[in-house]
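Listed here are the chains, written in short residue letters.
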Amino acid sequence: LGDVYKRQVITQQSEGFVMDHIDRCIVDILQHNARLPVKEIASRVSLSSPAVCARIERLEKSGVLAGYQAMINVTAIGYLVKAFINLEVEPDQKPAFYPYIDSCTNVVECSCVTGEYSMLIEAYFHTTQELDQFVNYLQKFGRTRTQIVFSTCVEHRGIPLSEDSTLQPPNSLKKSEKNDSDK
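The present account deals with the structure reproduced in this document. (Residues numbered from 1 in each chain as written. Predicted model: local features only at pLDDT ≥ 70, side-chain atom pairs only at ≥ 80, totals over all residues. Heavy atoms only, no water.)

### Quick word on helix α1 (residues 21–32)
Put simply, the rule reads: Only DSSP runs of H or I reaching four residues or more are called helices, and only runs of E reaching two or more are called strands; each is numbered from the N terminus. Helix span, as expected, comes to 1.5 Å for every residue beyond the first. Three exposure classes are used, based on accessible area relative to the maximum for each residue type with a 1.4 Å probe and protein chains only: buried under 20%, partly exposed in between, and exposed over 50%.
Taking 1.5 Å per residue as the helical rise, α1 with its 12 residues ought to reach 16 Å, and the 17 Å between its terminal C-alpha atoms agrees with that figure. What α1 keeps buried is the set D23, C25, I26, V27, D28, I29, L30 and Q31.

So this is what it looks like as structure tokens:
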């Protein structure tokens with residue numbers, strides 16, 4: 001089925017809900033491949049399929065698993081331009097800006113951020129002309145700065161939750177640290 005049908009798991013922290021090691025492993029597995037059969041997940045965490053189903057349901061009800069969505073190869077459907085747009089929006093413009101940006105179907109994420117600009121927008125376009133028209137319209141809300149993406153070395157990915165996936169320095173850093181200690 002390929003990458004177009006591969007789903008990712010959207011996670012969020014839920015207050016008062018505590019995940020044990022097995023829950024974290026299940027979430028890690030689902031973040032990697034949400035289409036994996038429950039029987040396979042059960043085998044990987046050494047539980048029965050009904051026990052895994054119950055845990056997944058509990059993770060969904062608690063809000064830790066907030067949903068499932070397909071990962072799309074956007075270039076395969078003609079979106080050749082990926083851009084990050086910084087926008088400086090004045091507080092009194094936010095009531096008009098939020099509904100507008102929510103209605104823009106090519107915007108995949110818009111975050112309120114700190115720094116010189118107040119919004120960071122990630123969007124896809126078929127052409128640079130479409131991007132130009134979009135940015136021109138955005139300028140009615142404030143000053144913009146646009147960056148067009150040439151390539152992406154790390155795609156969106158899940159957050160490691162199990163002890164098996166703790167943050168480790170990349171191998172290249174480990175080697176350079178070893179070389180430094182040899183001196």
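### A word on the pattern of salt bridges
For the record, the criterion: For salt bridges, the criterion is a side-chain nitrogen of Lys or Arg within 4 Å of an Asp or Glu carboxyl oxygen.
What the rule picks out here adds up to 8 salt bridges. Between D23 and R55 there is a salt bridge, and its shortest N-O distance comes to 2.8 Å. Highlighted residues: D23 in helix α1 and R55 in helix α3 (residues 49–62), separated in sequence by 32 residues. Classification of D23 as buried rests on a relative accessible area of 1%. A salt bridge links E88 to R143; its shortest N-O distance comes to 3.0 Å. In this pair, E88 sits in the loop between β3 (81–87) and α4 (94–103) while R143 sits in the loop between α5 (128–138) and β6 (144–148), placing the two residues 55 residues apart along the sequence. Relative accessible area serves as the criterion here: at 26%, E88 is assigned to the partly exposed category. A single salt-bridge network, built from bridges that share partners, covers D20, D23, R55 and R58.

### Observations concerning the environment of D92
Its place among the elements puts D92 in the loop between β3 and α4. Note on D92: relative accessible area 66%, which makes it exposed. Along the sequence, D92 and F141 sit 49 residues apart, while their C-alpha atoms lie 9.9 Å from each other.

### What to know about α3
Basically, it comes down to this: Comment: arc refers to directions from the helix axis out to C-beta atoms.
Over its 14 residues, α3 extends 20 Å from the first C-alpha to the last, a length consistent with the 20 Å expected when each residue adds 1.5 Å. Every buried residue of α3 is listed here: V52, R55, I56, L59 and S62. Viewed along the axis of α3, the buried residues span an arc of 130°, placing them on a single side of the element. Turned more than 90 degrees away from the buried face of α3, the exposed residues are P50 and K61.

Without other data, these values stay purely geometric and don't point to any function.
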